[in-house]
Amino acid sequence: MTAPRLKFTVVSAPIYRRLCAYVVDYALIGAGAFAIYWALDRVPFDFAGYRTALRSWPAFGALWLYCSIMEASPLQATIGKMVFRMRVCDYSCRKISFWRAALRYLARAVLGPSLFVMMWTFSMQGLHDLLTHTIVLETRDLQTHIRNMRTAAELAARNRKP
C-alpha cells in the first residue's frame, strides 16, 4: 500500500502588499535618518536635500542592515511586512540565514523591484527572490503550508508502520 500524496500550493503575497510594506520600511528608515540629522543639527530644510540624504551610503547601509537582520530573525519579516502579514522564507518555509537575506536585499537594490517578473511568475517572485531561492508568503498561507506538511509527514509515518 502506498502513502497518499497530498497536493497543496502556497500562494505568494500580492505585489501591492509587498510595495506597501516597502513604503512603510522606507518611511521608518527615513524617519530614523531625519532623527539622526536633527540630532546633529544637519536637517535638510528642502525636499531635495532630504531626498539626497536618503539616497546616501549610510541610509543604504542602514536599510540593508535593517532588512537583512529582520528577515533573518525568527520574525522572518521587516516591520512593513509584519504590518501587512507577510514573511520571507526559503522554499521549505524555513527561516533564511542572514547572508541569504543580505544577498536578497543587494540583489533587489541592483536589479530593482522587478515588478514585471513578479507579474509573470506563478509564485509572484521577483528576480531577487528567484536568485536567492526565497519566497514572500502571507502569514496565513505559511501556517497552512506548514500544517499540511506536518499532516503529509504524519500520514506517511502511519503508512510505514507494519
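Note on numbering: residues in each chain are counted from 1, in written sequence order. Local features in a predicted model are, by the rule used here, given only for residues with pLDDT of at least 70; side-chain atom pairs are given and counted only at 80 or more, and totals for whole chains, interfaces and linings are based on all residues. Values reported for side chains reflect all heavy atoms of the structure, with hydrogen atoms and water molecules removed beforehand.

A. Expanded view of the pattern of salt bridges. Salt bridge, as applied in this entry: a Lys or Arg side-chain nitrogen positioned within 4 Å of an Asp or Glu carboxyl oxygen. The full count for this structure, using the stated rule, is six salt bridges. Ionic pairing is found between arginine 17 and glutamate 138, a salt bridge with its closest N-O pair at 3.0 Å. On the criterion of sequence distance, the pair formed by arginine 17 in helix α1 (residues 15–39) and glutamate 138 in strand β2 (residues 134–138) is long-range, its members being 121 residues apart. Glutamate 71 is the partner of arginine 104 in a salt bridge, and the nearest nitrogen-oxygen pair spans 3.2 Å. Secondary structure counts use DSSP, requiring at least four H or I residues in a row for a helix and at least two E residues in a row for a strand, with both numbered from the N terminus.

B. Structural detail: the pairing of β2. For every residue, the accessible area obtained with a 1.4 Å probe (protein chains only) is divided by the maximum for its type, and the residue is called buried under 20%, exposed over 50%, and partly exposed between those limits. Counting buried residues along β2, five of its five residues qualify, which places the element largely inside the surrounding structure. The side-chain alternation of β2 yields two buried faces, one formed by Thr134, Val136 and Glu138 and the other by Ile135 and Leu137.

C. Geometry of helix α3 (residues 57–72). By this rule, a helix spans an expected 1.5 Å times one less than how many residues it contains. Its 16 residues give α3 an end-to-end C-alpha distance of 22 Å, which sits within 8% of 22 Å, the value for a rise of 1.5 Å per residue. Along α3, the positions that sit buried rather than exposed are Ala59, Leu63, Tyr66, Cys67, Ser68, Met70, Glu71 and Ala72.

D. Region of the structure containing the nonpolar core. Counting eight residues, the largest nonpolar core is built from Ala13, Ala21, Ala72, Met86, Val88, Ile96, Ala101 and Val136. Note on contacts: a residue pair qualifies if any of its non-hydrogen atoms lie within 4.5 Å across the two residues. Filtering out sequence-adjacent residues up to four positions away, valine 88 remains in contact with Glu71, Gln76, Lys81, Ile96, Arg104, Thr134, Ile135 and Val136. Definition of nonpolar core: a set of buried residues of the types Ala, Val, Leu, Ile, Met, Phe, Trp, Tyr and Cys, connected through side-chain atoms within 4.5 Å. Counting six residues, the second largest nonpolar core, distinct from the first, contains Leu63, Tyr66, Met70 and Tyr105.

E. Main features of the pairing of strand β1 (residues 86–90). Counting buried residues along β1, four of its five residues qualify, which places the element largely inside the surrounding structure. Relative to β2, β1 runs antiparallel, the two being bridged by five bridges. Within β2, the position partnered with valine 88 by the bridge is valine 136. A pair of strands counts as paired when DSSP detects no fewer than two bridges linking them.

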